[in-house]
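Each chain, letter by letter, is given below.
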Amino acid sequence: MAIYLVGLGLLAGVASEPLRFDRVRTAIVRQLGESLDKARAHAMTWEREVQGSGHASGSAAVAEPPARWVLRLEAVDAAIGRRDFSGAERAWHDAHTAALRTRTWRPLVAVGDAALKIGEAAGHRRAAASRARELYLAALIRARG
């Protein structure tokens, strides 16, 4: 009889443990979600403040020069127009490096689009699609982060 009661107690403990764990896990996941929401809201507020802090000096707006990755993508387009695919590749690599340094997602999408343009023009669609896919995934990760 004692072995039966010990076995029954053991079985009841094993059966109730997942239920207790689920409650604890749910509470932890909820706290994590709330913390992430607060962090994202703070980051968005900070980004708006940085962007809204103005590129203006006094009352006259100062035109900001285009980013390096934008200039390099223009060089890619020009090289494709000349059918200079090696020049387009070099400019693309420069644009890629500059886009990675920005730590934002939009430049990565633009560089991915440029990879597709080069692949289409040079006849290397499969390799270009692979490059673009990697860049689009990186952009998605940055956009979500």
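Please refer to the structure higher up on the page.
What you see is a predicted model, and the numbers here were worked out from it, not measured in a lab. (Residues numbered from 1 in each chain as written. Predicted model: local features only at pLDDT ≥ 70, side-chain atom pairs only at ≥ 80, totals over all residues. Heavy atoms only, no water.)

Side note on unusual backbone geometry
Alright, step 1. You will see that Arg83, though not glycine, has its phi angle at about 65°, which is positive.
Alright, step 2. Mapping Arg83 onto the fold places it in the loop between α2 (68-81) and α3 (85-102).
Alright, step 3. Given the relative accessible area of 57%, Arg83 is considered exposed.
Alright, step 4. Even without glycine at this site, Arg103 takes up a positive phi of about 65°.
Alright, step 5. When you line up the elements, Arg103 lands in the loop between α3 and α4 (106-122).
Alright, step 6. With a relative accessible area of 72%, Arg103 lands in the exposed category. (Helix = DSSP H or I, 4+ residues; strand = E, 2+ residues; numbered from the N terminus. Buried < 20%, exposed > 50% of the residue type's maximum accessible area, 1.4 Å probe, protein only.)

Regarding the packing of aromatic side chains
Aromatic ring pairs: the centre-centre distance and the angle between the two ring planes describe each pair.
Alright, step 1. Throughout the structure, instances matching the rule amount to 0 aromatic pairs.
Alright, step 2. Over the face of the ring belonging to Trp92 we find Arg131, whose NZ or CZ atom lies 4.5 Å from the ring centre. (Phe/Tyr/Trp six-rings, centres within 6.5 Å; stacked < 30°, edge-to-face > 60°. Lys NZ or Arg CZ within 6 Å of the ring centre and 35° of its normal.)

Brief notes about the pattern of salt bridges
Alright, step 1. Counted according to the given criterion, the structure contains 5 salt bridges.
Alright, step 2. Of the charged contacts, one joins Lys117 and Asp77 as a salt bridge, the two residues approaching to 3.3 Å between their closest N and O atoms. Within this pair, whereas Lys117 is found in helix α4, its partner Asp77 is found in helix α2, the two being separated by 40 residues in sequence.
Alright, step 3. Judged by its relative accessible area of 42%, Lys117 falls in the partly exposed class.
Alright, step 4. Looking at Asp77, the relative accessible area reads 39%, which means it is partly exposed. (Salt bridge = Lys/Arg side-chain N within 4 Å of Asp/Glu carboxyl O.)

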